[in-house]
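So the chains spell out like this:
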Amino acid sequence: MAQAAEALQDALRRLHIPFDAAQFQWQGIVPVAYKEHTGDARGMGWRGITRYSLGRPPYIEAGFALRYFEIAPDGYSSLEKHAHVHLVVVVRGRGRALVGERVFELQPLDIVYVPPLVPHRWVNPYSEPFGFLCTVDAERDKPQPVSGAEWDALRANPETAPYVF
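Below is a summary of the structure that appears in this document. (Residues numbered from 1 in each chain as written. Predicted model: local features only at pLDDT ≥ 70, side-chain atom pairs only at ≥ 80, totals over all residues. Heavy atoms only, no water.)

## Some points on the overall build of the protein
Then comes step 1: Helix and strand content of the protein: two helices and 13 strands.
Then comes step 2: Scaling as 2.2 N^0.38, a compact globule of 165 residues should have a C-alpha radius of gyration of about 15 Å, and the protein matches this with 16 Å.
Then comes step 3: C-alpha extents for the protein along the principal axes are approximately 50 × 35 × 25 Å.
Then comes step 4: Residues counted as buried form 44% of the 165 residues belonging to the protein.
Then comes step 5: A sequence separation of at least 24 residues applies to 68% of the contacts in the protein between residues at least 6 apart.
Then comes step 6: A total accessible area of about 8,700 Å² is found for the protein, and carbon and sulfur atoms account for 54% of it.
Then comes step 7: The protein carries 17 positive and 19 negative side-chain charges, and their two centres are separated by 2 Å. (Helix = DSSP H or I, 4+ residues; strand = E, 2+ residues; numbered from the N terminus. Rg over C-alpha atoms; globule rule 2.2 N^0.38 Å. Buried < 20%, exposed > 50% of the residue type's maximum accessible area, 1.4 Å probe, protein only. Contact = heavy atoms within 4.5 Å. Areas by Shrake-Rupley, 256 points an atom, 1.4 Å probe, with all protein chains shown as cover. Lys, Arg positive; Asp, Glu negative; His and termini not counted. Charge placed at Lys NZ, Arg CZ, Asp CG, Glu CD.)

## A few points about the pairing of strand 4 (residues 47-55)
Then comes step 1: Note that strand 3 (residues 32-33) and strand 4 share two bridges and pair antiparallel. Paired with A33 across the bridge in strand 4 is T50. (Pairing = 2+ DSSP bridges.)

## A word on the packing of aromatic side chains
Then comes step 1: Tallied over the full model, the rule gives twelve aromatic pairs.
Then comes step 2: Arranged with centres 4.7 Å apart and planes meeting at 85 degrees, the rings of Y76 and F165 form a pair that is edge-to-face. Of this pair, Y76 sits in strand 5 (residues 64-76) while F165 is found in the segment after helix 2 (148-156), placing the two residues 89 residues apart along the sequence.
Then comes step 3: Assessed through its relative accessible area of 17%, Y76 is described here as buried.
Then comes step 4: The rings of Y34, W46, F69, W122, F130 and F132 are connected pair by pair, giving a single aromatic cluster.
Then comes step 5: Sitting over the ring of F24, R92 keeps its end group 4.0 Å from the ring centre. (Phe/Tyr/Trp six-rings, centres within 6.5 Å; stacked < 30°, edge-to-face > 60°. Lys NZ or Arg CZ within 6 Å of the ring centre and 35° of its normal.)

## A look at a nonpolar patch on the surface
Then comes step 1: Residues L87, I111 and Y113 make up a contiguous nonpolar surface patch of about 330 Å² in total accessible area.
Then comes step 2: Considering the arrangement of structural elements, one finds I111 in strand 10 (residues 111-114).
Then comes step 3: In this structure I111 comes out as exposed when scored by relative accessible area, which is 59%. (Patch = residues over 30% accessible without salt bridge, like charges linked within 9 Å, V, L, I, M, F, W, Y side chains within 5 Å. Salt bridge = Lys/Arg side-chain N within 4 Å of Asp/Glu carboxyl O.)

## Side note on the environment of D20
Then comes step 1: If you trace the backbone, D20 turns up in strand 1 (residues 19-20).
Then comes step 2: Of the polar contacts made by the side chain of D20, one reaches the backbone nitrogen of A22; its length is 3.0 Å. (Polar contact = N/O pair within 3.5 Å; in protein donor to acceptor, adjacent residues only side chain to side chain.)

## Thoughts on the nonpolar core
In globular proteins that are soluble, nonpolar side chains generally tend to be buried together.
Then comes step 1: One finds L106, V112, W122 and F132 to be the most contacted residues of the largest nonpolar core, which totals 19 residues.
Then comes step 2: Those elements that place two or more of their residues in this core are strand 5, strand 7 (86-92), strand 8 (95-99), strand 10 and strand 12 (130-137).
Then comes step 3: At four residues, the largest contribution of residues to this core is made by strand 12.
Then comes step 4: Filtering out sequence-adjacent residues up to four positions away, W122 remains in contact with I71, G75, Y76, S77, V88, R96, A97, L106, V112, V114 and F132. (Core = buried A, V, L, I, M, F, W, Y, C linked by side-chain atoms within 4.5 Å.)

## Looking at the pattern of salt bridges
Oppositely charged side chains may form a pair once their charged atoms are brought near each other.
Then comes step 1: For the coordinates displayed, the defined rule picks out five salt bridges.
Then comes step 2: A salt bridge links K35 to E80; the shortest N-O distance between them is 2.3 Å. Of the two residues, K35 sits in the loop between strand 3 and strand 4 while E80 sits in strand 6 (residues 80-81), which places them 45 residues apart along the sequence.
Then comes step 3: On the basis of relative accessible area, K35 is assigned to the buried category, the value being 15%.
Then comes step 4: Taking relative accessible area as the criterion, E80 reaches 5% and is therefore assigned buried.

Right, here's the structure in full:
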């Protein structure tokens, strides 16, 4: 994590961070694992996700953080919720998002808004990488597992049940 933070600071000092389309990454930005720990709570596991921090305080003077997440084929994020919102823009491949009681099929330039405290999970059932930009509050809460009642409701819903594991 320290190496990624230092790389971000160095990259932002240049004021312009070139993108290498062949490697599909930003020059000088070091990718890190999605999370440090999978969590012991039900639904908090994840697989095949890389995170790039593209801008956040204290490296930029802003009230937001911009990250890029890339999910490998058959990868998925935690099933979680937060008090803060997410605004996501898909930029690579296709994927799916469970947001509340709905599942959205996503492709490049689709936008997904995740309201506060709404359960969500990102899934890549396809054979190519699925990547998206995600903007969140710079000061934000840690991920919370869904409650027992939310878990049961999502498992009972035929649309969301396949994504609740």
